[in-house]
Amino acid sequence: MHELSIAISMIDQILEESETRGGLDVEVVHLKLGTFSGVDKDALLFSYELACEGTRLKGSRLEIESIPLIIYCGACQKNRTPPSMYQLSCPECGTPGQTIVSGREIEVASLEVAA
Amino acid sequence: MSTRMVEVRAKVMKQNDLLARALRERFRGEGTCVVGLVSSPGSGKTAFLEKLLSGLARDARVAALVGDLATENDAARLQRATPNVRQITTGTICHLDAQMVEKALESWRLDRIDFLFIENVGNLVCPSSYDLGEELRFVLLSATEGEDKPLKYPTIFNSSDVAIITKMDLADAAEFDLPAARRNIESVRPGMKVFEVSAKTGQGMPAVFDFLHAQLASSRQIRVAAAL
Ligand SMILES: Nc1nc2c(ncn2[C@@H]2O[C@H](COP(=O)(O)OP(=O)(O)OP(=O)(O)O)[C@@H](O)[C@H]2O)c(=O)[nH]1
Ligand SMILES: [Mg+2]
Ligand SMILES: [Zn+2]
């Protein structure tokens, strides 16, 4: 399970961010998580809580927005949602999709902090 | 109590990605072709690597880093093919990251290494999030583990460049459905190059040697062109 490693990197980053802004009281962390990132949402939620222990983020909540997998179809010259994660092809014309446009991200989008 | 929003937009893997990018530049600069190997536990990474190292060592300088949770057995096996082998013991961590690779490379003269292989911890999930700076990532799938592995682990197959079907000597006994395996690989990673090999019989290995030599030659050509 690498979600714990990812939660720790994430917390380090948020703490750094907080420091550069003079110390934030973070209540909610908004994370964008691609469905094709290889990171499990529930495992990450669990790991986050665990990894917050003993840090300034203890008691904060993690909110995860799932970002769907989108590929680029060279034939249609359009972004497309493939039929599934197991079939990376264009749902319209069937052309295999080799370029991933989104769905891999693991990104802290914003923080809700006490005003 | 009122709250306010602070925009952050920070990539969580940024630190690893930056380090991996620096490693990749260093490998290119030194002319070393670096290949990462990932698979489930026991798919045959070390056996394949033993064959690769001894086969390539005939006319190239080879080295390997091998990640393992606890033991140093794999490194000991690989040392039969080349003395340039280092173990990365990860303890409880189920994957290698760029920092572990950088640390393990300490004091190695990369300019004297043509091919460097990095065997990841046996795991089809976690390594997909960690770029190690490798030029190519090989994902291995053994003929004994079922042809639906690519569908179960699309992320790692998609993030790899080449698929190696191993243990082909056991394919018949395991009733391995090769066309289905190839179809599944193509479905999760269209256009992916696939090799079928056996580390036991050596079947299919020459094609991999040729592929790697061609890869090395072309990356060095790009390097020379860039220097002109
Ligand atoms: N018959 C046959 N057995 C193989 C082949 N390749 C590997 N094996 C056997 O499969 C077992 C596991 O192989 P390893 O090379 O240790 O696999 P690995 O992927 O390095 O394993 P971990 O590092 O533990 O994840 C060993 O018993 C090997 O002898 C092959 O091509 N044919
Ligand atoms: Mg091994
Ligand atoms: Zn299309």
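Residues numbered from 1 in each chain as written. Chains lettered and ligands numbered in written order. Predicted model: local features only at pLDDT ≥ 70, side-chain atom pairs only at ≥ 80, totals over all residues. Heavy atoms only, no water.

Attention now moves to the overall build of chain A. The number of helices and strands found in chain A is 2 helices and 6 strands. Along the chain direction, N to C, the helices and strands of chain A fall in the order α-β-α-β-β-β-β-β. Here chain A has a C-alpha radius of gyration of 17 Å; the compact-globule value for 115 residues is 13 Å, and the former is much larger. Counting the 115 residues in chain A, one finds 46% classified as buried. Taking as baseline every contact in chain A between residues at least 6 positions apart, the subset at least 24 positions apart corresponds to 68%. Accessible surface computed for chain A: about 5,700 Å², of which carbon and sulfur atoms make up 47%. Taken as two groups, the 9 positive and 17 negative side-chain charges of chain A have centres that lie 7 Å from each other. (Helix = DSSP H or I, 4+ residues; strand = E, 2+ residues; numbered from the N terminus. Rg over C-alpha atoms; globule rule 2.2 N^0.38 Å. Buried < 20%, exposed > 50% of the residue type's maximum accessible area, 1.4 Å probe, protein only. Contact = heavy atoms within 4.5 Å. Areas by Shrake-Rupley, 256 points an atom, 1.4 Å probe, with all protein chains shown as cover. Lys, Arg positive; Asp, Glu negative; His and termini not counted. Charge placed at Lys NZ, Arg CZ, Asp CG, Glu CD.)

Each pair of donors in an ideal four-coordinate tetrahedral metal site encloses 109.5 degrees, whereas pairs in an ideal six-coordinate octahedral site enclose 90 or 180 degrees. All names here are of chain A. All of the protein donors around the zinc ion (ligand 3) are C73 (SG), C76 (SG), C90 (SG) and C93 (SG); their distances to the metal are 2.3 Å. Viewed at the metal, the 4 donor atoms of the zinc ion (ligand 3) are separated by angles of 105 to 113°, and the geometry they form is tetrahedral. Spacing between the donor residues of the zinc ion (ligand 3) along their common chain follows C-x2-C-x13-C-x2-C. Note that C73 is positioned in strand 3 (residues 70-73) and C93 in the loop between strand 4 (78-80) and strand 5 (99-102), a separation of 20 residues in sequence. Owing to a relative accessible area of 1%, C73 belongs among the buried residues under this scheme. (Donors = N, O, S within 2.8 Å, 3.2 Å for Na, K, Ca; no water. Tetrahedral: all angles 85-135°; square planar, octahedral: opposite > 155°, others 65-115°.)

Between chain A and chain B, the residue contacts involve 36 residues of the former and 30 residues of the latter. Where chain A meets chain B, there are 0 salt bridges. Of all elements in the fold, only helix 1 (3-20), strand 1 (26-34) and strand 6 (106-114) of chain A reach the threshold of two or more residues within the side of chain A that touches chain B. If you tally residues by element for the side of chain A that touches chain B, the top one is strand 6 of chain A, at 9 residues. Of the residues belonging to the side of chain A that touches chain B, the class tally is 19 nonpolar, 11 polar and 6 charged. As defined by bridge partners, strand 6 of chain A adjoins strand 1 (residues 3-11) of chain B across 7 bridges and the pair is classed as antiparallel. The partner of L111(A) across the bridge, within strand 1 of chain B, is V6(B). (Salt bridge = Lys/Arg side-chain N within 4 Å of Asp/Glu carboxyl O. Nonpolar A, V, L, I, M, F, W, Y, C, P; charged D, E, K, R; others polar. Pairing = 2+ DSSP bridges.)

Residues and elements named next belong to chain B. Within the protein, T46 (OG1), D74 (OD) and E119 (OE) serve as the donor atoms for the magnesium ion (ligand 2), at 2.1 to 2.2 Å. When the donor residues of the magnesium ion (ligand 2) are listed from N- to C-terminus, their spacing reads T-x27-D-x44-E. In this pair, T46 is assigned in helix 2 (residues 45-56) and D74 in helix 3 (residues 73-78), connecting sequence segments 28 residues apart. For T46, a relative accessible area of 4% gives the class buried.

Residue and element names in this part refer to chain A. Taken together, the 3 strands give an open sheet; going across it, the order is 4-3-5, and neighbouring strands pair in antiparallel fashion. Each edge of the open sheet is held by one strand with a lone partner, namely strand 4 and strand 5. The mean inter-strand angle of the sheet, taken between neighbouring strand axes irrespective of direction, is 40°. In the sheet, strand 3 pairs with strand 4 via 3 bridges, with the strands oriented antiparallel. Counterpart to I71 in the pairing with strand 4 is R80. (Axes fitted to C-alpha atoms, helices over the stretch in contact; angles between N-to-C directions.)

This paragraph deals with the layout of surface pockets. Put simply, the largest pocket is a space of about 660 Å³. Residue lining of the largest pocket: 26 residues in total, with S9(A), D12(A), V12(B), Q15(B) and N16(B) positioned closest to the centre. If you list the elements that add at least two residues to the lining of the largest pocket, you get helix 1 of chain A together with strand 1, helix 1 (14-30) and helix 4 (98-104) of chain B. Roughly 450 Å³ of internal volume is contained in the second largest pocket. Lining the second largest pocket are 21 residues, and of these R104(A), D17(B), S128(B), S129(B) and D131(B) lie nearest its centre. (1 Å grid on protein atoms, 1.4 Å probe; cavity = no way out; pocket = protein on both sides within 12 Å on 5 of 7 lines; lining within 4 Å. Points joined across faces, edges and corners; volume = space filled by probe spheres on them.)

Residues and elements named next belong to chain B. Around ligand 1, 18 residues are found, and the nearest of them are K45, T46, A47, D169 and A199. Between ligand 1 and G42 there is a distance of 3.0 Å, counted from an oxygen atom to a backbone nitrogen or oxygen. Protein burial of ligand 1: of its 650 Å² of free accessible surface, 71% is covered by the chains. Secondary-structure elements contributing two or more residues to the shell around ligand 1 are helix 2 and helix 3. Per-element tally for the shell around ligand 1: the top contributor is helix 2, with 3 residues. (Near = heavy atom within 4 Å. Polar contact = N/O pair within 3.5 Å; in protein donor to acceptor, adjacent residues only side chain to side chain.)

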